[in-house]
Amino acid sequence: MTTESDGGKRLGRILLKLSGEALMGEGDYGIDPVVLKRIAMDVKEVLGRGTQVAIVIGGGNIFRGAGLARRGMDRVTGDHMGMLATVMNSLALQDSLESVGVITRVQSALRIEAVCESYIRRRATRHLEKGRVVIFAAGTGNPFFTTDTAASLRAIEIGADMLLKATKVNGVYTDDPVRNPKAERYTRLSYDRVLDDRLGVMDATAIVMCRDNNLPLRVFNLHNHGDLIRIVDGEDVGTLVANEP
């Protein structure tokens, strides 16, 4: 689905993976409306280029199922609470997108018809073809799976050209660039290298799914204004993770 652009091959359909923590901004908890509006404006600009956009959001700014389990809660119960947190984040982002004129649908892997649609792959694809943003909520709908894995799964199911992982740094580094200023950024990595070196780009299940389905992954800094647009336009931003040619 790629098309020509000044920077190279423009991506026709993407899935953007956002962490719940990204929505907090400078806060310690919850959702920062300023961050939501900035993300919404970037997504609107991407849509204006003719690229279809799907989104998966984590819930770590509200609940983390694995963290609750470590403190004694039943893991399945904790994970279901985490899934509901992603629904809350998805509804908040939907509201922000629609406030700037972007028609948006939230589809949940858990049945919550009173607030959003249930996930149906063909319906999601049709929404995308009509120029609507689709936000996939509630992870995979199953405990013990992360929203990283949900993002990989949904990206493969909808036939995305690329999975975009938004982080707080400009890609994947040899070390934590915050603690080690000498850490070097990788411009390109193979999936096998990510797994062998345990680079922590995404969880191993998500990485294996991308590798086995030949889905390229690009890791970039959400807070660098314009990077999302440059990636869609085919520019080399952040770190590209893909199978070796």
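The following refers to the structure shown. All values reported here derive from a predicted model rather than from experimental measurement.

Notes on the overall build of the chain
Right, so step 1: Scanning the chain from N- to C-terminus turns up 8 helices and 13 strands.
Right, so step 2: Over its C-alpha atoms the chain spans a radius of gyration of 17 Å, differing by no more than 12% from the 18 Å that the globule rule assigns to 245 residues.
Right, so step 3: For the chain, the C-alpha atoms occupy an extent of roughly 45 × 40 × 35 Å along the three principal directions.
Right, so step 4: Long-range pairs, those at least 24 residues apart, make up 69% of the contacts in the chain with a sequence separation of at least 6.
Right, so step 5: Per element, the accessible surface of the chain, about 11600 Å² overall, is 49% carbon and sulfur.

Description of helix α3 (residues 75-99)
In an α-helix, one turn spans 3.6 residues, which is why side chains three or four residues apart end up on the same side.
Right, so step 1: With 25 residues, α3 extends 36 Å from end C-alpha to end C-alpha; this agrees with the ideal 36 Å at 1.5 Å per step.
Right, so step 2: Downstream of α3 by a residue or two, G101 has a phi angle that is positive, lying close to 90 degrees.

Topic: the pattern of salt bridges
Right, so step 1: All told, the structure shown has 17 salt bridges when counted by the stated rule.
Right, so step 2: In this structure, K17 and D148 form a salt bridge, with 3.4 Å as the shortest nitrogen-oxygen distance. With K17 in strand β3 (residues 13-18) and D148 in helix α5 (residues 147-157), this pair connects stretches of sequence that are 131 residues apart. In terms of burial, K17 and D148 fall into one category: buried.

Some points on the nonpolar core
Right, so step 1: Core analysis: the biggest nonpolar cluster contains 42 residues, and L18, I55, L93, L97 and V133 have the highest contact counts within it.
Right, so step 2: Looking at this core, the elements that each hand over two or more residues are β3, α1 (33-48), β4 (52-57), α3, β7 (133-137), β8 (162-167), α8 (227-232) and β13 (239-242).
Right, so step 3: Looking at which element gives the most residues to this core, the answer is α1, with 7 residues.
Right, so step 4: The residues contacting V133, other than those within four sequence positions of it, are V43, L47, V53, I55, L97, V102, I103, T104 and R105.
Right, so step 5: Counting 27 residues, the second-largest nonpolar core is a separate cluster that includes I158, Y191, A206 and L217.

With respect to the sheet that holds strand β6 (residues 117-118)
Right, so step 1: Strand order across the open sheet formed by 9 strands is β6-β5-β7-β4-β3-β8-β12-β13-β11, with mixed pairing between neighbours. On the outer flanks of this sheet lie β6 and β11 (188-190), each paired with one strand and no other.
Right, so step 2: Relative to β4, β3 runs parallel, the two being bridged by 6 bridges. Considered in β4, the bridge of L18 is made with I57.
Right, so step 3: The sheet contacts of α5 involve β3, β4, β7 and β8, and relative to β3 the element is tilted by about 175 degrees.

Description of the packing of aromatic side chains
Right, so step 1: Applying the stated rule across the entire model yields 1 aromatic pair.
Right, so step 2: In this arrangement the basic side chain of R154 is found over the ring face of Y119, its NZ or CZ atom lying 3.8 Å from the centre.
Right, so step 3: The ring of F136 is capped by R154, whose NZ or CZ atom sits 6.0 Å from the centre of that ring.

Concerning unusual backbone geometry
Right, so step 1: One non-glycine residue, F144, lies in positive phi territory at about 75 degrees.
Right, so step 2: Assignment of secondary structure puts F144 in the loop between β7 and α5.
Right, so step 3: A residue is classified by how much of its surface remains accessible, and F144, at 52% relative accessible area, is exposed.
Right, so step 4: Of note, R198 is a non-glycine position whose phi angle comes to about 50 degrees, a positive value.

Criteria and cut-off values
Residues numbered from 1 in each chain as written. Predicted model: local features only at pLDDT ≥ 70, side-chain atom pairs only at ≥ 80, totals over all residues. Heavy atoms only, no water. Helix = DSSP H or I, 4+ residues; strand = E, 2+ residues; numbered from the N terminus. Rg over C-alpha atoms; globule rule 2.2 N^0.38 Å. Contact = heavy atoms within 4.5 Å. Areas by Shrake-Rupley, 256 points an atom, 1.4 Å probe, with all protein chains shown as cover. Expected span 1.5 Å × (residues − 1). Salt bridge = Lys/Arg side-chain N within 4 Å of Asp/Glu carboxyl O. Buried < 20%, exposed > 50% of the residue type's maximum accessible area, 1.4 Å probe, protein only. Core = buried A, V, L, I, M, F, W, Y, C linked by side-chain atoms within 4.5 Å. Pairing = 2+ DSSP bridges. Axes fitted to C-alpha atoms, helices over the stretch in contact; angles between N-to-C directions. Phe/Tyr/Trp six-rings, centres within 6.5 Å; stacked < 30°, edge-to-face > 60°. Lys NZ or Arg CZ within 6 Å of the ring centre and 35° of its normal.

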